[in-house]
Amino acid sequence: MPVRKLAAKNVWYGNPHQVDVGTAEDVYLSLPRSEVQNVKAKYVIDRKDLEAPLKANEVIGEIQVMDKDQQIAHYPLVALSAVEPAGVITPPDGLSQAEVLISRLSALKRVACGLPVFTCTLAALNVLLRADKG
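Summarised in this report is the structure supplied together with it. (Residues numbered from 1 in each chain as written. Predicted model: local features only at pLDDT ≥ 70, side-chain atom pairs only at ≥ 80, totals over all residues. Heavy atoms only, no water.)

### Thoughts on the overall build of the protein
Scanning the protein for helices and strands turns up two helices and seven strands. Listing every helix and strand of the protein by position from the N terminus yields β-β-β-β-β-β-β-α-α. Within the protein, the proportion of its 134 residues that are buried is 28%. Roughly 9200 Å² of accessible area belongs to the protein as shown, and the carbon and sulfur atoms make up 57% of that amount. (Helix = DSSP H or I, 4+ residues; strand = E, 2+ residues; numbered from the N terminus. Buried < 20%, exposed > 50% of the residue type's maximum accessible area, 1.4 Å probe, protein only. Areas by Shrake-Rupley, 256 points an atom, 1.4 Å probe, with all protein chains shown as cover.)

Here it is as structure tokens:
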């Protein structure tokens with residue numbers, strides 16, 4: 001069954017942080033040739049925010065086909081892949097887990113400064129980060 005991607009949408013609390021959305025199968029519509037230039041399609045997501053978990057082919061909205069101001073067809077809008085819940089430390093796209101952990105621990109260090117165990121942990125993570133980039 002072919003899938004048709006329409007867009008990529010952000011997913012809150014998900015890993016990955018984006019999901020492709022579209023149709024789960026091909027969509028066909030017969031129109032008079034004179035009406036083709038008037039027909040537009042748009043998609044509407046039925047939630048304020050997409051939140052993980054999402055299942056593959058889960059219906060998340062609707063694709064509406066409009067002829068001027070009149071809706072002439074509609075089809076389900078689905079998540080084209082599954083999105084699992086993110087862990088406590090899920091790196092944003094482009095960052096390693098070590099970079100995210102160092103950033104969060106550095107912020108914590110400013111709040112609870114002077115803890116020797118924390119300093120050792122931060123130093124160890126800096127070594128991991130250098131190894132991760134090397």
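Next comes the rest of the description.
### Thoughts on the sheet that holds strand 6 (residues 70-79)
What the five strands build is an open sheet, ordered 1-3-6-5-4; its pairing is antiparallel. With one partner strand each, in any of the chains shown, strand 1 (4-10) and strand 4 (39-45) form the two edges of the open sheet. Strand-to-strand twist of the sheet, defined as the mean angle between neighbouring strand axes without regard to direction, takes the value 30 degrees. Here strand 4 runs beside strand 5 (residues 59-67); their pairing, made up of seven bridges, is antiparallel. (Pairing = 2+ DSSP bridges. Axes fitted to C-alpha atoms, helices over the stretch in contact; angles between N-to-C directions.)

### Notes on the side chain of Thr23
Within the secondary structure, Thr23 sits in strand 3 (residues 18-23). Within polar-contact distance, the side chain of Thr23 engages the backbone oxygen of Glu25 at 3.0 Å. (Polar contact = N/O pair within 3.5 Å; in protein donor to acceptor, adjacent residues only side chain to side chain.)

### Here's the deal with the packing of aromatic side chains
Working definition: an aromatic ring pair is given by the centre-to-centre distance plus the angle between the planes. Here the structure, examined in full by the defined rule, presents one aromatic pair. Seen in terms of ring centroids, Trp12 and Tyr13 are 6.0 Å apart; in terms of plane orientation they differ by 50 degrees. Their pairing is tilted. Residue classification places Tyr13 among the exposed residues on the basis of a relative accessible area of 55%. (Phe/Tyr/Trp six-rings, centres within 6.5 Å; stacked < 30°, edge-to-face > 60°.)

### Observations regarding the pattern of salt bridges
Under the counting rule described, the total for this entry stands at four salt bridges. Measuring nitrogen to oxygen at the nearest pair gives 2.7 Å for the salt bridge that ties Arg4 to Asp26. In this pair, Arg4 sits in strand 1 while Asp26 sits in the loop between strand 3 and strand 4, placing the two residues 22 residues apart along the sequence. Residue classification places Asp26 among the partly exposed positions, given a relative accessible area of 28%. Residue Arg47 pairs with Glu58 through a salt bridge whose shortest N-O separation is 3.0 Å. You can see Arg47 sitting in the loop between strand 4 and strand 5 and its partner Glu58 sitting in the loop between strand 4 and strand 5, a full 11 residues away along the chain. A residue is classified by how much of its surface remains accessible, and Glu58, at 22% relative accessible area, is partly exposed. Bridged by salt links that share partners, the residues Asp46, Arg47 and Glu58 form one connected network. (Salt bridge = Lys/Arg side-chain N within 4 Å of Asp/Glu carboxyl O.)

### Some remarks on the environment of His74
Among the secondary structure elements, His74 is positioned in strand 6. For His74, a relative accessible area of 49% gives the class partly exposed. It is 9.6 Å that separates the C-alpha atoms of His74 and Lys42, two residues lying 32 residues apart in sequence. Residue contacts for His74: discarding those within four places in its chain leaves Glu62 and Ile63. (Contact = heavy atoms within 4.5 Å.)

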